[in-house]
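In case you want the letters, here they are:
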Amino acid sequence: MKYLLLTLMILLLQACLPFQEAEVSPEEAEMKIYNEWIFAFKVQDLKVNDQIITRPPGIEQLIFRLVIPTPGGVNFKTQCVYYQVPYKKIMGLLKIVEQKNVSSCSEVSSGDSWLELIHLSDLKVKLVNFKLILDFKYKNQKKVWTFLLPNIENGVIHEKYQAVKERKIFPGLTLLRINDESFANGRNNYLGKLSDRMSRGTAIRCQQVDKNCQNVGENRCDSCAYGWYQVVDYTCPQGGSKFCGQNHCGEKNEPACLRGTKVVEGSDSGICQSDLSAVLNADHVLVCQ
Amino acid sequence: MKDFKRYILPLFTLSICAVLSVGGWFLYSKIQNPYSKTEQFVQDKEAINRLLQNSSEIHRIWNEGEDSREWNLVKQECLKHFNITSTFDESLLRCNPILLQCNYLFNPKLNYRFVKPEMGNDQNQKMYRYLTKSNTSHVGLEPSGYLFTVEDKQSHKQLSLLLADQCQEVFLQNRVYAYGEEISGKPSEDIEDYRFDNFNQNIYIDRHLVMNSEVNDWIDFGNPNFTKGIRKIEADELFMPATRLNYSQMENFCSFKGKQMMQAHYFDAATFLPMDLSVVSPKKNNRSPYYWTKKKSEFKEDCSLLYAQECVRKKAFHINSTSPSWSGIMDSLGGIFEVFRNPIDPESNLKASSYYFNFKSPWHKLGFRAGWDGEDFELRHFDFKGINPKLTVDNFKVGFRCMRESK
């Protein structure tokens, strides 16, 4: 009877095992990570490059962060990647913490983790040819994770006679996280309407340049729903302020079109219809009146 | 209480049976299949790698267009599928969704399939969507382009690819340019040689006129309020210039693509052949009225340079029927009319050089423009400054192209 009860107890405990949260395997971690990072637009604050991270022992540190679109792509989120170097009884740990928006990561993780992988050691990280490579030992077994990052772009190339070329693994190709939410009405955060005009006071300024030729605030022109155009204001080397929408430059009460700075100066640096002249408005933008 | 005692034994027995079966099942599954979860992850990784490999192939075909081996394989069936019987410039297949659709439909060796987008009530037959900032809320949409969702046949895992359609644009070199025809004699206060420059500007111009297939995509994926009344044009007309939009619709089409209507002075910049390509800031902008020569007298009655009235009998007109200008843009002279936004002289907004005039016509000159009110296509909507076409035409064909500035 005693043995029967003991057997029953063992089976009972065993039956509860499926409901216990199991430790993440490296294979599962790799897939979970790849399904997210494949959409990453930016890898930032990468502090190490192909060197085994040995210091500081036993303490968690931020190794890099990624900017990734949320499912449906309505917003960007940040994933902060931390590593704890193993020390004596402290286990090596790879920890990823998710933030709901684009923001910097704290030096030490806080809040719930999105993923934790323990028993790690000898971690090396490198970013080469748009591939993020994590090389480490898991329970003393060597592992190499290679994540292709097709959305990472290192600027663009403007070359005469050519189309624009992005510096990325597949120039002109972007992986999107499309779902129904991507097309939901009322979720579009891009700037401006087709009817926006400077003459109606409705045009959205997406980049402002001040009289000292400093950019004021961030350049949001990539967020214009219907393109953007430049105006003539302080004839700065980086160009003038920019507005979202359809360009009606040269028309009455609209900004003057750019004429450049090499062949003309002053109010002549704007183009207006032949029956209009260019004057500076209160915002120091050359408009046609 | 008596009743309860009577049920204790059966209940206890049932509990033991339940515990035994759950525990037994779990032990059995662990013994039988200890690596199944791991194997699943390995298979998932292989599926992602296959999808990435296929994305790379799709990207190659997208860029190679008519030069791809796939076009040779599927060309006949593709043309039949789209009811295209006339010839067209096959370089238009670069960055064009028609080639990818045909490769998917007629290439049996593919290990992926395209997922047809759900478009609500629409009877859309396309395997893609045109994605731009005005019709989706997806972040990081720079630039706009064609969205194809690829599904791995083995695992049914999907990946959505946005393919930019910018390879049909050309960068306008940073230099000093001039607008309009060259002024003969010395410039005076009244007559100015209108010069300008585009230093510190990254201007991209469409190589070719907007095609009907692009307008069809606007009708399918743009805001229906702006495309009301515009009919889709198929078959042989797919690769022909869009000529049935009024001026305001043309502007809205360019806006849909995140671009602007082509401006007259930038068209001049892209077509007048610079006298010395190595001098970006010349003191004077001497210019020939013909895009193929620096000599003002070197006019040629040649249909491969200028598609005039006489050429209609020799070969059918299509987009890109003549040689490119120095900057790489097509149909600089001849062909159909082309309208611009002219911020200097809005009344002179039409490239009248076209097959409506013979080689002898004075209209076949760069920078010399007629006027169009942008509303309709009968003669009364045009101002040919007294040099009217000698043909009777019910509706003239007016094409357009877009341009944009890039960061």
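## A few points about the overall build of chain B
- Scanning chain B from N- to C-terminus turns up 8 helices and 15 strands.
- Counting over 407 residues, chain B shows a buried share of 44%.
- Taking the intrachain contacts of chain B between residues at least 6 apart in sequence as the baseline, contacts between residues at least 24 apart amount to 68%.

## As for the nonpolar core
- Counting 133 residues, the largest nonpolar core has Phe148(B), Leu161(B), Ile205(B), Met262(B) and Tyr266(B) as the members making the most contacts within it.
- Residues within four places of Met262(B) in sequence aside, it is in contact with Ile205(B), Phe267(B), Phe340(B), Phe400(B), Arg401(B), Cys402(B) and Met403(B).
- Among the nonpolar cores identified, the runner-up in size contains 26 residues, and Cys224(A), Val232(A), Phe243(A) and Val287(A) belong to it.

## Points about the environment of Phe340(B)
All names here are of chain B.
- Inspection of the secondary structure puts Phe340 in the loop between strand E10 (337-339) and strand E11 (350-351).
- Residue Phe340 is classed as buried on the basis of its C-beta count, with 23 C-beta atoms lying within 10 Å.
- Spatially, the C-alpha atoms of Phe340 and Asp236 are 26 Å apart, while their sequence positions differ by 104 residues.
- Phe340 has contacts with Met262, Gln263, Ala264, Phe267 and Asn349, leaving out every residue within four places of it along the chain.

## Quick word on unusual backbone geometry
- Of note, the amide linkage connecting Arg55(A) to Pro56(A) takes the cis form, showing an omega dihedral of -5 degrees.
- Summarising the element assignment, Pro56(A) is placed in the loop between strand E1 (42-44) and strand E2 (60-69).
- A cis amide bond links Glu142(B) to the next residue, Pro143(B), at an omega of 5 degrees.
- Inspection of the secondary structure assignment puts Pro143(B) in the loop between strand E2 (129-131) and strand E3 (145-152).
- Even without being glycine, Asp50(A) reaches a positive phi, approximately 60 degrees.

## Looking at the sheet that holds strand E4 (residues 93-99) of chain A
All names here are of chain A.
- On the basis of which strands lie adjacent, the open sheet formed by 5 strands has the order E1-E2-E3-E4-E5 and antiparallel pairing. The outermost strands of the open sheet, each flanked by one partner alone, are E1 and strand E5 (115-118). When strand polarity is set aside, the average angle formed by the axes of neighbouring strands in this sheet is 15 degrees.
- Relative to strand E3 (residues 76-84), E2 runs antiparallel, the two sharing 9 bridges. Its bridge partner being in E3, Gln61 is matched across the sheet by Tyr83.

## With respect to the interface of chain A and chain B
- With 66 residues of chain A at the contact, the number on the chain B side is 66 residues.
- Counting only elements with at least two residues in the side of chain A that touches chain B, the list comes to helix H1 (2-16), helix H2 (26-37), strand E11 (173-176), strand E14 (228-230) and strand E16 (257-258) of chain A.
- Relative to strand E4 (residues 158-164) of chain B, E11(A) runs antiparallel, the two being bridged by 4 bridges. Bridge assignment links Leu173(A) to a residue of E4(B), and that residue is Leu163(B).

## Looking at the domain arrangement of chain B
Residue and element names in this part refer to chain B.
- If you check the domain split of chain B, you get domain 1 (42-164) and domain 2 (169-407).
- Taking the mean C-alpha position of each, domain 1 and domain 2 sit 31 Å from one another.
- Residues belonging to the side of domain 1 that touches domain 2 are distributed by class as follows: 7 nonpolar, 10 polar and 4 charged.

## Remarks on the pairing of strand E8 (residues 141-148) of chain A
Residue and element names in this part refer to chain A.
- Across 8 bridges, strand E7 (residues 131-138) lies against E8 in antiparallel orientation. Its bridge partner lying in E8, Ile133 is registered against Thr146.
- Joining the antiparallel neighbours E7 and E8 is a turn of 2 residues, in which Lys139 adopts a positive phi near 50 degrees.

## Comments concerning the confidence of the model for chain B
- Of all residues in chain B, 89% attain a pLDDT of 70 or more, and the chain-wide mean is 92.
- Our summary of model confidence lists the complex with pTM equal to 0.91 and ipTM equal to 0.90.

## Describing the packing of helix H2 (residues 36-64) of chain B against helix H4 (residues 97-106) of chain B
Residue and element names in this part refer to chain B.
- Viewed as axis vectors pointing N to C, H2 and H4 meet at an angle of 130 degrees, and their least axial separation amounts to 9 Å. It follows from the interaxial angle that H2 and H4 lie oblique. When the axes of H2 and H4 are compared, the crossing they make is right-handed. Touching Ile58, Ile61 and Trp62 of H2 are Leu99, Leu100 and Asn103, all from H4.
- Looking at the contact of H2 with H4 residue by residue, the class counts come to 5 nonpolar, 1 polar and no charged.

## Brief notes about the packing of H2(A) against H2(B)
- At their nearest, the axes of H2(A) and H2(B) sit 9 Å apart, and the two run at 30 degrees to each other. By the angle between their directions, the pair H2(A) and H2(B) is classed as roughly parallel. Viewed along their axes, H2(A) and H2(B) form a crossing whose handedness is left-handed. Where H2(A) approaches H2(B), its residues Glu27(A), Glu28(A), Glu30(A), Met31(A) and Tyr34(A) are matched on the opposing element by Thr38(B), Phe41(B), Val42(B), Asp44(B), Lys45(B) and Ile48(B).
- Its residues assigned to classes, the contact of H2(A) with H2(B) comprises 5 nonpolar, 1 polar and 5 charged.

## Considerations on the confidence of the model for chain A
Residues and elements named next belong to chain A.
- When the pLDDT values of chain A are averaged, the result is 91; 92% of them are 70 or greater.
- The least confident element of chain A, judged by mean pLDDT, is H1 at 54; the most confident is strand E15 (residues 242-244) at 98.
- Per-residue pLDDT stays below 50 along residues 16-20; that stretch engages in 2 contacts with residues further than four places along the chain or on separate chains.

## Quick word on the pairing of E4(B)
Residues and elements named next belong to chain B.
- Among the 7 residues of E4, 6 are classified as buried, and the element is accordingly described as predominantly covered.
- Both E3 and E4 contribute to a ladder of 7 bridges, which runs antiparallel. Directly across from Gly145, in E4, lies its bridge partner Ala164.
- Between E3 and E4, which pair antiparallel one after the other, the connecting turn spans 5 residues, and His156 there sits at a positive phi close to 65 degrees.

## What to know about helix H3 (residues 69-81) of chain B
Residue and element names in this part refer to chain B.
- Here H3 is 13 residues long and its end C-alpha atoms lie 19 Å apart, about the 18 Å a rise of 1.5 Å per residue gives.
- Residue Lys75 marks the point of greatest curvature in H3, where the axis turns by about 60 degrees.
- The inward-facing, buried residues of H3 abut H2 and H4.
- Looking one or two residues beyond H3, the residue adopting positive phi is Asn83, at roughly 55 degrees.

## Section: the sheet that holds E10(B)
Residue and element names in this part refer to chain B.
- Pairing in this open sheet of 5 strands is mixed, and the strands run E13-E12-E11-E10-E14 from one edge to the other. At either end of the open sheet lies a strand with only one pairing partner, and these are strand E13 (382-383) and strand E14 (398-399).
- Sheet analysis places E11 next to strand E12 (residues 369-372), joined by 2 bridges and oriented antiparallel. Note on E12: the bridge partner recorded for Lys351 is Arg369.

## Quick notes on helix H5 (residues 212-221) of chain B
Residue and element names in this part refer to chain B.
- In terms of residue burial, H5 counts as a mostly covered element, since 8 of its 10 residues are buried.
- Those residues of H5 that sit buried are Asn212, Ser213, Glu214, Val215, Asn216, Asp217, Trp218 and Phe221.
- Where the residues of H5 are buried, they touch H4, E2, helix H6 (224-227) and helix H7 (247-256).

## Topic: the environment of Gly374(B)
Residues and elements named next belong to chain B.
- By the secondary structure assignment, Gly374 is in the loop between E12 and E13.
- The exposure class assigned to Gly374 is partly exposed, which follows from the 18 C-beta atoms found within 10 Å.
- Between the C-alpha atoms of Gly374 and Val280, which are 94 residues apart in sequence, the distance is 35 Å.
- Apart from residues no more than four positions distant in its own chain, Gly374 is found in contact with Asn246, Tyr247, Ser248 and Val339.

Rules used throughout
Along each chain, residue indices are assigned from 1 in the same order as the chain's sequence is written. Chain A is the first chain written and ligand 1 is the first ligand written, with later ones labelled in order. pLDDT decides what is reported in this predicted model: residues at 70 or higher carry local features, side-chain atom pairs at 80 or more are listed and counted, and totals for whole chains, interfaces and linings draw on all residues regardless. Only DSSP runs of H or I covering at least 4 residues are called helices, and only runs of E covering at least 2 are called strands; the numbering of each starts at the N terminus. Exposure criterion: with C-beta atoms placed from backbone coordinates, a residue whose C-beta has 20 or more other C-beta atoms within 10 Å is buried, one with 12 or fewer is exposed, and one in between is partly exposed. Contact between residues is assigned whenever the C-beta positions, reconstructed from backbone atoms, fall within 7 Å. Throughout this description, the term nonpolar core refers to a group of buried Ala, Val, Leu, Ile, Met, Phe, Trp, Tyr and Cys residues whose C-beta atoms join them within 7 Å. DSSP bridges decide pairing: two strands pair if at least two such bridges lie between them. Axis definition: a line fit to C-alpha positions, over the contact stretch in the case of helices; interaxial angles, taken between N-to-C directions, run 0 to 180 degrees. Where each domain begins and ends follows an automated or database-derived domain assignment. Residue type decides the class: Asp, Glu, Lys and Arg count as charged, Ala, Val, Leu, Ile, Met, Phe, Trp, Tyr, Cys and Pro as nonpolar, and the leftover types, Gly among them, as polar. Note: pLDDT gives the predictor's confidence per residue, expressed from 0 to 100. In this scheme, roughly parallel covers angles under 35 degrees and roughly antiparallel covers those over 145, while 65 to 115 is roughly perpendicular and the rest are oblique. A clockwise turn of the near helix away from the far one marks a right-handed crossing, whereas an anticlockwise turn of less than a right angle marks a left-handed crossing. In a helix, the anticipated span is given by 1.5 Å times the number of residues less one. A residue's bend is the angle separating two fitted axes: one through the seven residues that end there, the other through the seven that start there.

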